[in-house]
Amino acid sequence: MILDARPFPLDFDPATTALIVIDMQRDFIEPGGFGASLGNDVTLLQAIVPTVADLIAGCRAAGIAVIHTRECHRPDLADCPPAKRLRGSPSLRIGDPGPMGRVLIMGEPGAEIVPELAPAPGEIVIDKPGKGAFYATDLGAHLARMGTRTLIFAGVTTEVCVQTTMREANDRGFDCLLATDATESYFPAFKAAAIEMIRAQGAIVGWTARTGQILRVLETADA
Ligand code: TIU
């Protein structure tokens, strides 16, 4: 099917497409988590939760595989480079106890995906130690097994984990599409710049479209 995306239409087949929802975790979206510890206002990110929920529901209805990622580390921090943990002066560091448990540690309440976007039974959940979802994970093996060719991206934050993962995917030969209203940044100017740089130069990293456009083309194909 053809999506009227930017910078030009994207031809994709739902059977070989997956939606990757990046890091919609309490640690980035709720007060007292990792995002807030870095000095960010998390309310901006909360606003996209309903749109991401709509995109997930539409993809599930169209038979598109939904994959969720979580940025988090082992409790012993063996997969957290000291350079990541010790950088800057956050109010809480990775592994420190906070209001949602230990910050960015797998299994802690803060590392969980927000309840509105909870993975459905059987959906793949990738725990990742880096900003990119391919680094040190099984994501590439899952996508190879599934025969995936096109990836739709949503989640947070646009210019950090979403853009990093899109660049990793683009270099691995996937067609990448970003749902521009299902992603958000703590910095509106960074979000706008990331969207522009992704679709510049003839979709150098990938395509962009709004969630409504994606859902309409999926529904039309269904009908
Ligand atoms: N998931 C993700 O984007 N991790 C970050 O640390 N993002 C920030 O913008 N800090």
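Definitions and cut-offs
Residues numbered from 1 in each chain as written. Predicted model: local features only at pLDDT ≥ 70, side-chain atom pairs only at ≥ 80, totals over all residues. Heavy atoms only, no water. 1 Å grid on protein atoms, 1.4 Å probe; cavity = no way out; pocket = protein on both sides within 12 Å on 5 of 7 lines; lining within 4 Å. Points joined across faces, edges and corners; volume = space filled by probe spheres on them. Helix = DSSP H or I, 4+ residues; strand = E, 2+ residues; numbered from the N terminus. Phe/Tyr/Trp six-rings, centres within 6.5 Å; stacked < 30°, edge-to-face > 60°. Buried < 20%, exposed > 50% of the residue type's maximum accessible area, 1.4 Å probe, protein only. Near = heavy atom within 4 Å. Areas by Shrake-Rupley, 256 points an atom, 1.4 Å probe, with all protein chains shown as cover. Nonpolar A, V, L, I, M, F, W, Y, C, P; charged D, E, K, R; others polar. Contact = heavy atoms within 4.5 Å. Pairing = 2+ DSSP bridges. Axes fitted to C-alpha atoms, helices over the stretch in contact; angles between N-to-C directions. Salt bridge = Lys/Arg side-chain N within 4 Å of Asp/Glu carboxyl O. Polar contact = N/O pair within 3.5 Å; in protein donor to acceptor, adjacent residues only side chain to side chain.

Digging into the layout of surface pockets
Piece 1. Counted as a void, the largest pocket has a volume near 380 Å³.
Piece 2. Around the largest pocket, the lining comprises 21 residues; the ones closest to its centre are Phe-34, Leu-38, Glu-71, Lys-131 and Val-160.
Piece 3. Every element with two or more residues in the lining of the largest pocket is listed here: α5 (82–85) and α7 (158–171).
Piece 4. The leading source of residues in the lining of the largest pocket is α7, at three residues.

Remarks on the packing of aromatic side chains
Piece 1. Overall, the coordinates contain four aromatic pairs when judged by the stated rule.
Piece 2. Judged by centre distance (4.7 Å) and plane angle (35°), the ring pair of Phe-187 and Phe-190 falls under tilted.
Piece 3. A residue is classified by how much of its surface remains accessible, and Phe-190, at 43% relative accessible area, is partly exposed.

Comments concerning the site of the ligand
Piece 1. Close to the ligand lie Asp-23, Phe-28, Phe-34, Leu-38, Glu-71, Lys-131, Val-156, Thr-157, Val-160, Cys-161 and Tyr-186, which account for all nearby residues.
Piece 2. For the ligand, whose free accessible area comes to 280 Å², the fraction covered by protein is 93%.
Piece 3. Looking at the shell around the ligand, its residues break down into seven nonpolar, one polar and three charged.

A short note on the environment of Thr-164
Piece 1. Along the chain, the position of Thr-164 falls in helix α7.
Piece 2. Exposure remark for Thr-164: the relative accessible area of 30% places this residue in the partly exposed category.
Piece 3. As a C-alpha pair, Thr-164 and Gly-130 span 34 residues in sequence and 9.4 Å in three-dimensional space.
Piece 4. If we ignore the near neighbours within four places in the chain, the residues touching Thr-164 are Lys-131 and Gly-132.

Examining the sheet that holds strand β3 (residues 17–22)
Piece 1. A sheet is described by the order of its strands in space; here six strands give the open sequence β7-β4-β3-β8-β9-β10, paired in parallel fashion. The sheet is open, and its two borders are formed by β7 (124–128) and β10 (207–209), each paired with just one other strand. Pairwise comparison of adjacent strand axes, ignoring direction, gives a mean angle of 25° for this sheet.
Piece 2. As paired strands, strand β4 (residues 65–71) and β7 are joined by five bridges and run parallel to one another. Paired with Glu-71 across the strands is Lys-128, a residue of β7.

Observations concerning the pattern of salt bridges
Piece 1. Throughout the structure, instances matching the rule amount to twelve salt bridges.
Piece 2. Across the salt bridge formed by Lys-131 and Glu-71, the nearest N and O atoms sit 2.7 Å from each other. Of this pair, Lys-131 sits in the loop between β7 and α6 (139–146) while Glu-71 is found in strand β4, placing the two residues 60 residues apart along the sequence.
Piece 3. With relative accessibility at 29%, the residue Lys-131 sits in the partly exposed group.
Piece 4. When the shortest N-O distance is used, the salt bridge between Arg-85 and Asp-96 registers 3.1 Å. Taken together, the positions of Arg-85 in helix α5 and Asp-96 in the loop between α5 and β5 (97–98) put the pair eleven residues apart, joining distant regions of the chain.
Piece 5. Here Arg-85 falls in the partly exposed class, since its relative accessible area comes to 23%.
Piece 6. Linked by salt bridges that have partners in common, Arg-70, Glu-112 and Asp-127 make up one network.

Some thoughts on the side chain of Thr-17
Piece 1. Structurally, the position occupied by Thr-17 is in strand β3.
Piece 2. In terms of polar contacts, Thr-17 uses its side chain to reach the backbone carbonyl oxygen of Asp-13, at 2.7 Å.

Observations concerning unusual backbone geometry
The phi torsion of most residues other than glycine is negative, and most of the peptide bonds are trans.
Piece 1. The omega torsion across Arg-6 and Pro-7 is 10°, close enough to zero to call that bond cis.
Piece 2. Inspection of the secondary structure assignment puts Pro-7 in the loop between β1 (2–3) and β2 (10–11).
Piece 3. A cis geometry characterises the amide bond from Val-156 onward to Thr-157, with omega recorded as -15°.
Piece 4. Topologically, Thr-157 is positioned in the loop between β8 (150–156) and α7.

Considering the pairing of β4
Piece 1. A large share of β4 lies buried, amounting to six of its seven residues.
Piece 2. Two elements, β3 and β4, share five bridges in a ladder whose sense is parallel. Paired with Ile-20 across the strands is Ile-67, a residue of β4.

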